[in-house]
Amino acid sequence: MSEILSISQLNITPKNDIHRFLVKQVNLKLNAGKTTCIVGESGSGKSLTALSIMGLLSNQLKATGNISFQGLAINQLDNQSMQTIRGAKIGMIFQEPMTSLNPVLTVGYQIGEPLTTHLGLKGEALRSRIAALLNQVGIPPERADSYPDELSGGQRQRVMIAMSIACEPALLIADEPTTALDVTVQAQVLTLLDELKTRMNMAMLFITHDFGVVADIADDVIVMFRGEIVETGTREQVLNYPQHPYTQALLDCVPDVQGLKTLKPIDYAWLNHGAIA
Ligand SMILES: Nc1ncnc2c1ncn2[C@@H]1O[C@H](COP(=O)(O)OP(=O)(O)OP(=O)(O)O)[C@@H](O)[C@H]1O
Ligand SMILES: [Mg+2]
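A quick note: this is a predicted structure, and the numbers were derived from the prediction, not measured.

*Asks:* Any chance you could break down the nonpolar core for me, citing the residues and the numbers?
*Replies:* With 50 residues, the main nonpolar core has I111, V159, I161, L193, F206 and V223 as its most contacted residues. It is helix α7 (residues 183–200) that contributes the most residues to this core, seven residues altogether. Residue assignment places this core across two domains, with domain 1 (3–89 + 169–241) and domain 2 (102–166) each supplying three or more. Apart from the residues lying within four places of it in its own chain, the contact partners of V223 are V39, E228, I229, V230, E231, V238, Y246, T247 and L250. In this structure, L5, A32, M82 and A170 belong to the second largest nonpolar core, which totals 32 residues.

Have a look at this one:
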């Protein structure tokens, strides 16, 4: 299996409070052609972990540890070197897509931007690549001349996906890319991402708090709680045989297929029994 990304001993703290760990001792490895889902409740450190890979952490935060992408220690790179990787070899779909598209630029222009910057495409070559990308995400190519507010939420999400895969990245990070979409559109977007991952043999890091999504697309699962990884395993291991009480509690909150399971609030009693060191 070909390893794409390896994170070891990642810690993130506010610069002005270096004893408050927002992310603590995170280790993970991602392989080509595989999807790893990070799950965990709000504030558990999922987005900070993703942003640190992209080198986009707020400058109020301090990260330590190692992040190696295709063998290169990317956390040591200066911003200029990181810019040649970001959007080219590592793509990211952000948690708030509606605010990530520029309302005054056509979607074609925005999809074309990374192609010009990283691959130097211009003119007809650029236009045909934009059309091919729109096709790939299921949007008629003539929509290249539309502005974001002329598209539906699902179409805008597909534009974000087209932008993120434009340069055929080796790693795609998707931070809750379907949360704002209705269930049918969500299923379409998940299927699309899954197909693209397979076709392009990308490693995908997919952040969600929805175990339905995990069941659909994950190969491997990482469960985070208050900045720490409390459980990792294959999808089957984590969904069928959760080891950690927090994972069990999260799974207890998921209605089963018949919707018969009663929703229970998470019981944190295990926290007091030393389940987290
Ligand atoms: N710039 C910052 N300064 C201080 N604390 C921050 C900063 N950014 C995030 N945090 C804190 O770090 C913790 C982890 O945040 P993060 O955004 O990674 O959560 P998350 O798991 O992505 O949650 P959600 O599911 O709500 O998106 C939170 O407690 C958050 O308040
Ligand atoms: Mg987040």
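*Asks:* Before we move on, could you go through the site of ligand 1 and cite the residues and values that matter?
*Replies:* Taken together, the neighbourhood of ligand 1 is formed by 14 residues, with S42, G43, K46, S47 and Q95 sitting nearest. The side chain of K46 places a nitrogen or oxygen atom 2.7 Å from an oxygen atom of ligand 1. Between an oxygen atom of ligand 1 and a side-chain N or O atom of S47, the distance comes to 2.9 Å. Out of a free accessible area of 640 Å², ligand 1 has 67% covered by protein chains. The residue inventory of the shell around ligand 1, partitioned by class, reads three nonpolar, eight polar and three charged.

*Asks:* Could you give an account of helix α1 (residues 46–54), with specific residues and numbers?
*Replies:* The periodicity of an α-helix, 3.6 residues per turn, causes residues three or four positions apart to be oriented the same way. Taken together, the buried positions of α1 are occupied by K46, T49, A50, S52, I53 and M54. Two residues or fewer after α1 comes G55, characterised by a positive phi angle close to 70°.

*Asks:* Would you mind going over helix α10 (residues 245–252) in detail, with residue names and values included?
*Replies:* Restricting attention to buried positions, one finds in α10 the residues Y246, T247, A249, L250 and L251. Close packing links the buried residues of α10 with α8 (211–217), β9 (220–225), β10 (228–234) and α9 (235–240).

*Asks:* Go over the domain arrangement of the protein chain with me, naming the residues and quoting the values.
*Replies:* When the domains of the protein chain are assigned, the result is domain 1 (3–89 + 169–241) and domain 2 (102–166). Taking the mean C-alpha position of each, domain 1 and domain 2 sit 24 Å from one another. Every contact between the two is made by 19 residues of domain 1 and, on the other side, 11 residues of domain 2. When the two sides are added together, the surface that domain 1 and domain 2 hide from each other amounts to roughly 1,100 Å², 66% of it contributed by carbon and sulfur. The interface formed by domain 1 and domain 2 includes zero salt bridges. Taken together, the links from domain 1 to domain 2 amount to three residue pairs in polar contact (both at pLDDT 80 or more).

*Asks:* Describe in detail the sheet that holds β9, supporting the description with residues and values.
*Replies:* Reading across from one edge, β6-β7-β8-β3-β9-β10 is the order of the six strands in this open sheet, with mixed pairing throughout. Lying at the two open borders of the sheet, with one neighbouring strand each, are β6 (90–93) and β10. Between one strand axis and the next, the sheet turns through 15° on average, direction left out of account. Pairing of strand β3 (residues 35–39) with strand β8 (residues 203–207) involves four bridges; the strand directions are parallel. Its bridge partner lying in β8, T36 is registered against L205. Sheet contacts for helix α6 (residues 153–165): β6 and β7 (171–175); angle to β6, the most-contacted strand, approximately 165°.

Quick notes on the rules
- Residues numbered from 1 in each chain as written.
- Chains lettered and ligands numbered in written order.
- Predicted model: local features only at pLDDT ≥ 70, side-chain atom pairs only at ≥ 80, totals over all residues.
- Heavy atoms only, no water.
- Core = buried A, V, L, I, M, F, W, Y, C linked by side-chain atoms within 4.5 Å.
- Buried < 20%, exposed > 50% of the residue type's maximum accessible area, 1.4 Å probe, protein only.
- Helix = DSSP H or I, 4+ residues; strand = E, 2+ residues; numbered from the N terminus.
- Domains from an automatic or database assignment.
- Contact = heavy atoms within 4.5 Å.
- Near = heavy atom within 4 Å.
- Polar contact = N/O pair within 3.5 Å; in protein donor to acceptor, adjacent residues only side chain to side chain.
- Areas by Shrake-Rupley, 256 points an atom, 1.4 Å probe, with all protein chains shown as cover.
- Nonpolar A, V, L, I, M, F, W, Y, C, P; charged D, E, K, R; others polar.
- Buried area = accessible area lost by both parts, 1.4 Å probe.
- Salt bridge = Lys/Arg side-chain N within 4 Å of Asp/Glu carboxyl O.
- Pairing = 2+ DSSP bridges.
- Axes fitted to C-alpha atoms, helices over the stretch in contact; angles between N-to-C directions.

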